[in-house]
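Letter by letter, the chains look like this.
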Amino acid sequence: MPHTMRRSLAAATAVLLGATALTACGSSDSDDKAAASGPVSLTYWAWAPGMDKVVALWNAEHPDIKVTVQKQASGDDLVTKIITAAKAHKAPDLVQAEYQALPTLVSNDALADIAPDVAGVKDSFAPGIWQQTTFGGEAVYALPQDSGPLMFFYRQDLFKQYGLSVPTTWEEFATTARDLRKKAPDKSLTTFSANDSGLFAGLSQQAGAQWWTFEGDTWKVGIDDAATKKVTDFWGGLVGEGAIDNQPMYTPAWNKALNSGEQLAWVSAVWAPGVLTTAAPDTLGKWAMAPLPQWSKGASSTGSWGGSSTAVTTDSKHKTAAAQFATWLNTDPVALAALVKESGIYPAATAAQTSGALAEPPAFFPNQPDFYTRAAEIAKTTAPAAWGPNVNVAYTAFKDEFGKAAKAKSGFGTALTAVRSATVADLEKQGFEVAK
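These numbers were taken from a predicted model, which means no experiment stands behind them.

So, how was this worked out
Residues numbered from 1 in each chain as written. Predicted model: local features only at pLDDT ≥ 70, side-chain atom pairs only at ≥ 80, totals over all residues. Heavy atoms only, no water. Helix = DSSP H or I, 4+ residues; strand = E, 2+ residues; numbered from the N terminus. Buried < 20%, exposed > 50% of the residue type's maximum accessible area, 1.4 Å probe, protein only. Contact = heavy atoms within 4.5 Å. Areas by Shrake-Rupley, 256 points an atom, 1.4 Å probe, with all protein chains shown as cover. Lys, Arg positive; Asp, Glu negative; His and termini not counted. Charge placed at Lys NZ, Arg CZ, Asp CG, Glu CD. 1 Å grid on protein atoms, 1.4 Å probe; cavity = no way out; pocket = protein on both sides within 12 Å on 5 of 7 lines; lining within 4 Å. Points joined across faces, edges and corners; volume = space filled by probe spheres on them. Nonpolar A, V, L, I, M, F, W, Y, C, P; charged D, E, K, R; others polar. Salt bridge = Lys/Arg side-chain N within 4 Å of Asp/Glu carboxyl O. Phe/Tyr/Trp six-rings, centres within 6.5 Å; stacked < 30°, edge-to-face > 60°. Pairing = 2+ DSSP bridges. Axes fitted to C-alpha atoms, helices over the stretch in contact; angles between N-to-C directions. Parallel < 35°, antiparallel > 145°, perpendicular 65-115°, else oblique. Left-handed = near helix turned anticlockwise from the far one by under 90°. Core = buried A, V, L, I, M, F, W, Y, C linked by side-chain atoms within 4.5 Å. Right-handed = clockwise from strand over helix to strand, strands pointing away. Expected span 1.5 Å × (residues − 1).

J.: Describe the overall build of the protein chain, with residues and values.
T.: A tally of helices and strands in the protein chain yields 17 helices and 9 strands. Based on the C-alpha atoms only, the size of the protein chain along its principal axes is roughly 75 × 50 × 35 Å. Here the protein chain, with 436 residues, has 56% of them falling under the buried criterion. Long-range pairs, those at least 24 residues apart, make up 76% of the contacts in the protein chain between residues at least 6 apart in sequence. Counting every atom, the protein chain has about 17,700 Å² of accessible surface; 53% of that belongs to carbon and sulfur. Each charge class in the protein chain was averaged separately, 35 positive and 42 negative side chains, and the resulting centres sit 6 Å apart.

Here is the structure:
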């Protein structure tokens with residue numbers, strides 16, 4: 001295996017076993033001396049709208065540490081740009097990184113362990129969210145910024161019209177879908193969208209899936225584990241029997257289905273009201289939110305769809321100062337209120353999930369005044385997620401393979417196997433050792 005791949009594998013080992021951070025990743029005396037010698041200038045790559053306005057609040061109160069925001073694209077483009085910059089030792093001090101991107105960035109030695117500089121911050125976040133920035137170990141590679149706990153959104157008026165009850169289990173969900181088809185063949189409870197890898201990942205997360213784990217010196221890819229197979233069989237079965245639709249989301253046809261009442265429900269995340277505002281404007285005040293159905297009656301768990309963090313890079317010459325800013329940004333009440341107002345995020349910090357701008361329900365849900373109170377309780381039950389170094393490859397394979405299965409209304413199990421195979425092949429191509 002090439003030396004660079006050995007180094008990446010060593011970094012991954014340190015992450016997943018909770019080992020002490022790599023020497024290059026920690027804060028150092030030189031950082032402190034640099035900070036003490038005069039004002040510190042930090043660069044922050046982020047894509048969230050209005051972040052410059054939030055950072056301006058920091059700069060006004062901290063003249064000794066000036067942060068400059070450089071707006072970036074999100075997703076895979078930003079991950080690639082960060083890795084390229086890190087290899088040239090030209091990365092910014094801080095980056096906004098999605099949770100699923102963190103293992104990729106860590107395995108490329110792009111992120112620093114800031115654990116010594118963020119002691120006591122852990123309790124500000126739900127355990128399942130905190131785990132996504134630490135991988136269950138002692139090292140801290142980022143601080144949670146926002147989250148997207150999954151929930152069940154449904155048309156209250158149409159549920160009442162067709163005599164439907166809000167499902168509390170997935171078994172009840174399937175029964176509700178079938179009952180609706182019998183009562184109104186032209187209606188559908190929801191759709192299975194093969195365009196949305198993140199939603200499927202969140203549903204698998206709720207079921208207990210562990211898509212990437214590390215054992216000894218090898219990665220283990222569990223994309224076809226029992227939990228994910230259960231989710232695949234469930235949704236594939238509903239599509240196959242015609243109990244739900246099989247069309248992708250975020251299309252004009254999908255918008256029309258939501259707006260006209262052709263589709264009665266949507267499994268989505270806390271940010272759904274914003275989407276409904278533009279996708280189904282005629283349905284204002286007709287929706288309600290409930291916890292995600294559970295696999296076992298009485299259980300309480302949800303998955304995530306979306307969310308990002310604030311990380312400090314290994315290239316930063318002022319890691320302690322950068323960690324100080326990251327802590328303020330994601331735990332200070334003033335900063336969190338500004339993030340909600342200017343960036344429109346759902347903060348990962350639990351204390352901010354029912355205060356300030358979130359004390360009132362979303363404008364599209366005036367009939368549910370306790371929307372964010374309920375959302376906060378759901379967010380606390382977020383299950384741990386297991387991400388790996390090539391989430392982008394798995395997501396692309398999901399869209400390709402599950403797209404074909406959804407169109408054919410069959411072959412979902414075969415599609416899942418193909419996704420795992422593509423993910424394993426890519427890891428091996430990169431030089432990682434993978435358990436068979």
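J.: Quick rundown of empty space enclosed by the protein? Include the residues and the values.
T.: This model, assessed by the stated rule, comprises 6 cavities of 30 Å³ or more. The volume enclosed by the largest cavity comes to roughly 100 Å³. Taken together, 13 residues line the largest cavity, and the ones lying closest to its centre are Thr191, Phe192, Ser193, Leu199 and Leu203. Put simply, the parts of the chain that give the lining of the largest cavity at least two residues each are helix H9 (197-206) and strand S7 (265-269). Its residues assigned to classes, the lining of the largest cavity comprises 9 nonpolar, 3 polar and 1 charged. Put simply, the second largest cavity is a space of about 70 Å³. As for the second largest cavity, its lining consists of Ala201, Ser204, Gln205, Ala209, Gln210, Trp211, Ala385, Ala386 and Trp387. Looking at the lining of the second largest cavity, its residues break down into 6 nonpolar, 3 polar and no charged.

J.: Mind laying out the side chain of Ser268, listing which residues take part and the relevant values?
T.: Secondary-structure assignment places Ser268 in strand S7. Here Ser268 is in contact with Pro149, Leu150, Met151, Phe153 and Trp305, once residues within four sequence places are set aside.

J.: Tell me what's going on with the side chain of Ser197, and back it up with residues and numbers.
T.: Inspection of the secondary structure assignment puts Ser197 in helix H9. Owing to a relative accessible area of 3%, Ser197 belongs among the buried residues under this scheme. Every residue in contact with Ser197, bar those within four places of it in the chain, is listed here: Tyr395, Phe398 and Lys399.

J.: An account of the pattern of salt bridges is needed here, citing residue identities and associated values.
T.: Overall, the coordinates contain 8 salt bridges when judged by the stated rule. A salt bridge links Glu401 to Lys404, with the shortest nitrogen-to-oxygen separation between them at 3.4 Å. Linking Glu401 with Lys404, this pair stays in helix H16 (residues 391-408), spanning 3 residues, or about one helical turn. Assessed through its relative accessible area of 23%, Glu401 is described here as partly exposed. Since its relative accessible area comes to 53%, Lys404 is described here as exposed.

J.: So, the packing of aromatic side chains: which residues are in play, and what are the values?
T.: Ring pairs (aromatic) are described by centroid distance and by the angle formed between their planes. Within the structure shown, the criterion is met by 40 aromatic pairs. Summarising the aromatic geometry, the rings of Tyr44 and Phe325 are spaced 5.7 Å apart at their centres and angled 70° between planes, so their arrangement reads as edge-to-face. Taken together, the residues span a long stretch of sequence, with Tyr44 in strand S1 (residues 40-46) and Phe325 in helix H13 (residues 319-331) at a distance of 281 residues. Given a relative accessible area of 0%, Tyr44 falls into the buried group. Classification of Phe325 by relative accessible area gives buried; the value is 0%. Summarising the aromatic geometry, the rings of Phe152 and Tyr154 are spaced 5.8 Å apart at their centres and angled 15° between planes, so their arrangement reads as stacked. This pair shows no difference in class: Phe152 is buried, exactly as Tyr154 is.

J.: Give a description of the pairing of strand S3 (residues 94-98) that names residues and reports values.
T.: Across the 5 residues that make up S3, a large majority, 4, are buried. Of the pairings in the sheet, the one linking S1 to S3 comprises 2 bridges and is parallel in character. Across the sheet, residue Trp45 finds its bridge partner in S3, namely Val95. In the sheet, S3 pairs with strand S9 (residues 304-312) via 5 bridges, with the strands oriented antiparallel. Bridge pairing in S9 links Val95 to Ala311.

J.: Break down the packing of helix H3 (residues 51-61) against helix H14 (residues 333-343) for me, citing the residues and quoting the values.
T.: Where H3 contacts H14, the two axes come as close as 8 Å, and the packing angle between them is 160°. Between H3 and H14, the angle falls in the class roughly antiparallel. The chirality of how H3 crosses H14 is right-handed. Across from Met51, Lys53, Val54 and Leu57 in H3, the residues of H14 making contact are Val334, Ala335, Ala338, Leu339, Glu342 and Ser343. Looking at the contact of H3 with H14, its residues break down into 7 nonpolar, 1 polar and 2 charged.

J.: An account of unusual backbone geometry is requested, with residue identities and associated values reported.
T.: Not every positive phi belongs to a glycine, and Phe135 is a case in point at roughly 60°. Note on placement: Phe135 falls in the loop between helix H6 (127-134) and strand S4 (143-155). At Tyr250, a position not held by glycine, the phi torsion is positive, near 60°. Mapped onto the secondary structure, Tyr250 falls in the loop between helix H10 (226-240) and helix H11 (252-260).

J.: Lay out the nonpolar core with the relevant residues and their values.
T.: Judged by nonpolar contacts, the single largest core of 148 residues is most densely connected at Phe192, Trp212, Trp235 and Phe402. Considering each element in turn, this core owes the most residues, 8 residues, to H16. Beyond its immediate sequence surroundings of up to four residues, Trp235 is in contact with Trp170, Phe173, Thr190, Thr191, Phe192, Leu203, Ile244 and Val267.

J.: Run through the pairing of S1, naming residues and quoting values.
T.: Counting buried residues along S1, 5 of its 7 residues qualify, which places the element largely inside the surrounding structure. Note that S1 and strand S2 (residues 65-71) share 7 bridges and pair parallel. Bridging across to S2, Tyr44 finds its partner in Val69. Considered for its hand, the β-α-β crossover made up of S1, H3 and S2 is right-handed.

J.: Outline H16, listing residues and values.
T.: Relative to the 26 Å expected for 18 residues at 1.5 Å per residue, H16 spans 25 Å between its end C-alpha atoms, a close match to the ideal helical length. Buried within H16 are the following residues: Val391, Ala394, Tyr395, Ala397, Phe398, Phe402, Ala405 and Ala406.

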